[in-house]
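For reference, the chains in residue letters:
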Amino acid sequence: EVGTAVSSVSSTDRISKVVKNADGSGYLAFQSGATMPFSSAKSMTATAYTAGHGGADYTTATGTLVDVGTDHAYLPIWLLKTGKVPRALACDINPGPLEAARRDGAKYEVGEELSFRLSDGLRAVLPQEAGDVVLAGMGGELILRIVGETPWLRDGAKRLVLQPMSSVPELR
């Protein structure tokens, strides 16, 4: 075992290493020596996105990440806490998950850098508000619908990070 497992860390502690297992679980190792386990696909999406797969060293024109279907806002919180993005917008269609995202934003002290929006897909997001757009942890059919009804996603100015849970061939 590495470090001491914890459920929260200081807002000044930084992630030093991400360890993932074959089953998708793993842990975050912090500079303090603490570790935090994770098991969900959403967390793995966050680590894959920030581990150098094209997203870690690039900031779009607005510098704002939009996480659609944010649930608990783990991805935008992690990206803010590790300095990968300067701002993020957490969107969800349901008030319950959005409230959970607000609680997590407060818990991890990300401040005003993280905004919250009740939105069906990107319907409540303006093009100038978005830089990178993450559509992850949902079905490919839903991702296709969101992209299809949002013309400004297809103009090449935005970078899309897509992680479908189904219908991968149709999405490609």
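The coordinates are above.
My aim in this report is to walk through the structure given alongside it, one point at a time. (Residues numbered from 1 in each chain as written. Predicted model: local features only at pLDDT ≥ 70, side-chain atom pairs only at ≥ 80, totals over all residues. Heavy atoms only, no water.)

1. Description of the overall build of the protein chain
Next, step 1: The secondary structure content of the protein chain amounts to 5 helices and 9 strands.
Next, step 2: Secondary structure elements in the protein chain, listed N-terminal to C-terminal, are β-β-β-β-α-β-α-β-α-β-β-α-β-α.
Next, step 3: Counting all 172 residues of the protein chain, 44% fall into the buried class.
Next, step 4: Considering only contacts in the protein chain between residues 6 or more positions apart, those separated by 24 or more positions represent 62%.
Next, step 5: For the protein chain, the exposed area adds up to about 8,700 Å²; of that, 53% sits on carbon and sulfur atoms. (Helix = DSSP H or I, 4+ residues; strand = E, 2+ residues; numbered from the N terminus. Buried < 20%, exposed > 50% of the residue type's maximum accessible area, 1.4 Å probe, protein only. Contact = heavy atoms within 4.5 Å. Areas by Shrake-Rupley, 256 points an atom, 1.4 Å probe, with all protein chains shown as cover.)

2. Side note on the environment of leucine 28
Next, step 1: Relative to the elements of secondary structure, leucine 28 occurs in strand S3 (residues 26-30).
Next, step 2: For the pair leucine 28 and lysine 17, spaced 11 residues apart in sequence, the C-alpha to C-alpha distance is 6.0 Å.

3. Examining the sheet that holds strand S9 (residues 159-164)
Next, step 1: Across the sheet, 5 strands lie side by side as S7-S6-S5-S8-S9; this open sheet has parallel pairing. Two strands bound the open sheet, and with one partner strand each, they are strand S7 (114-118) and S9. Here the strands of the sheet are splayed against their neighbours by 15° on average, with no regard to which way each runs.
Next, step 2: Across 4 bridges, the pairing between strand S5 (residues 64-68) and strand S8 (residues 132-138) is parallel. Its bridge partner lying in S8, valine 66 is registered against valine 133.
Next, step 3: Its contacts with the sheet put helix H3 (residues 95-107) on strand S6 (87-92) and S7, and the angle it makes with S7 is roughly 170°. (Pairing = 2+ DSSP bridges. Axes fitted to C-alpha atoms, helices over the stretch in contact; angles between N-to-C directions.)

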